[in-house]
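Residues per chain, in single letters:
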Amino acid sequence: MKVELSRFKVKAGKSEKVDEWMAFLNEHMEEVLLTLNDEKMYVETIFREVQEDSEFLYWYSVQGEGGSEVTDSHHEIDKKHLAFWEACIDEEYLPVDLKTEAVMIQESIQAEMKRG
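Residues numbered from 1 in each chain as written. Predicted model: local features only at pLDDT ≥ 70, side-chain atom pairs only at ≥ 80, totals over all residues. Heavy atoms only, no water.

With that settled, the discussion passes to unusual backbone geometry. One non-glycine residue, K40, adopts positive backbone phi at about 55 degrees. Among the secondary structure elements, K40 is positioned in the loop between α2 (29-39) and β2 (41-51). Looking at K40, the relative accessible area reads 38%, which means it is partly exposed. (Helix = DSSP H or I, 4+ residues; strand = E, 2+ residues; numbered from the N terminus. Buried < 20%, exposed > 50% of the residue type's maximum accessible area, 1.4 Å probe, protein only.)

Right, here's the structure in full:
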């Protein structure tokens, strides 16, 4: 099981586009959740932060081994998600992967994740 928290910088002037992106994901959550099985993604959460003049999105995820990459997805919702990513995420800013220090998931939940 892989547990990650990563920070990505939003391109300057793209806050409204990020608003649209997050609204899109929330409005289409049923479709979004269907794509997670292929990725063996048990939990995926996006956080948003503004620091001074910069905006960041953080992805927190709990993922099983052997899942497919979102870039390989055949789901239309993932294609739209990736288009928003391309429009909003500053690729010149190297993403920051925070160091995992402790993973606290009850064994019964872990067993259920692996079973799913």
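From this point, the narrative continues.
The subject of this paragraph is the side chain of E39. Along the chain, the position of E39 falls in helix α2. No salt bridge is formed by the buried E39; the nearest opposite charge belongs to K2, separated by 9.3 Å. Once residues within four sequence positions are removed from consideration, E39 is found in contact with Q63, G67, S68, V70 and D78. (Lys, Arg positive; Asp, Glu negative; His and termini not counted. Salt bridge = Lys/Arg side-chain N within 4 Å of Asp/Glu carboxyl O. Contact = heavy atoms within 4.5 Å.)

It is worth spelling out the packing of helix α1 (residues 15-27) against helix α3 (residues 76-88) at this point. Relative orientation of the contacting elements α1 and α3 amounts to 165 degrees, with a least axis distance of 10 Å. Between α1 and α3, the angle falls in the class roughly antiparallel. Along this stretch, α1 crosses α3, giving a crossing that reads as left-handed. Along its contact with α1, which presents K17, V18, E20, W21, F24 and L25, the element α3 presents I77, K80, H81, F84, W85, A87 and C88. (Axes fitted to C-alpha atoms, helices over the stretch in contact; angles between N-to-C directions. Parallel < 35°, antiparallel > 145°, perpendicular 65-115°, else oblique. Left-handed = near helix turned anticlockwise from the far one by under 90°.)

V18, W21, M22, L25 and L57 are the most contacted members of the largest nonpolar core, which totals 14 residues. Residue assignment for this core shows that the elements contributing at least two residues are α1, β3 (54-63) and α3. For this core, the element with the most residues is α1, which contributes five residues. Contacts of V18, omitting those with residues within four sequence positions, involve V10, R48, E55, L57 and C88. (Core = buried A, V, L, I, M, F, W, Y, C linked by side-chain atoms within 4.5 Å.)

Another point: the pairing of strand β1 (residues 2-9). Strand direction decides the pairing type here: β1 and β3, joined by eight bridges, are antiparallel. In the strand pairing of β3, S6 is matched with W59. Direction of pairing for β1 relative to strand β4 (residues 96-97): antiparallel, over a ladder of two bridges. Bridge pairing links R7 to V96 in β4. (Pairing = 2+ DSSP bridges.)

With that out of the way, let us pick up the pattern of salt bridges. Counting across every chain of the model gives four salt bridges. Taking the shortest distance from any N to any O, the salt bridge between D19 and R48 comes out at 2.7 Å. Taken as a pair, D19 in helix α1 and R48 in strand β2 lie far apart in primary sequence, 29 residues in all. Notably, a salt bridge pairs R48 with E55, separated by 2.5 Å at the nearest N-O pair. Overall, the relative accessible area of 37% leaves R48 in the partly exposed class.

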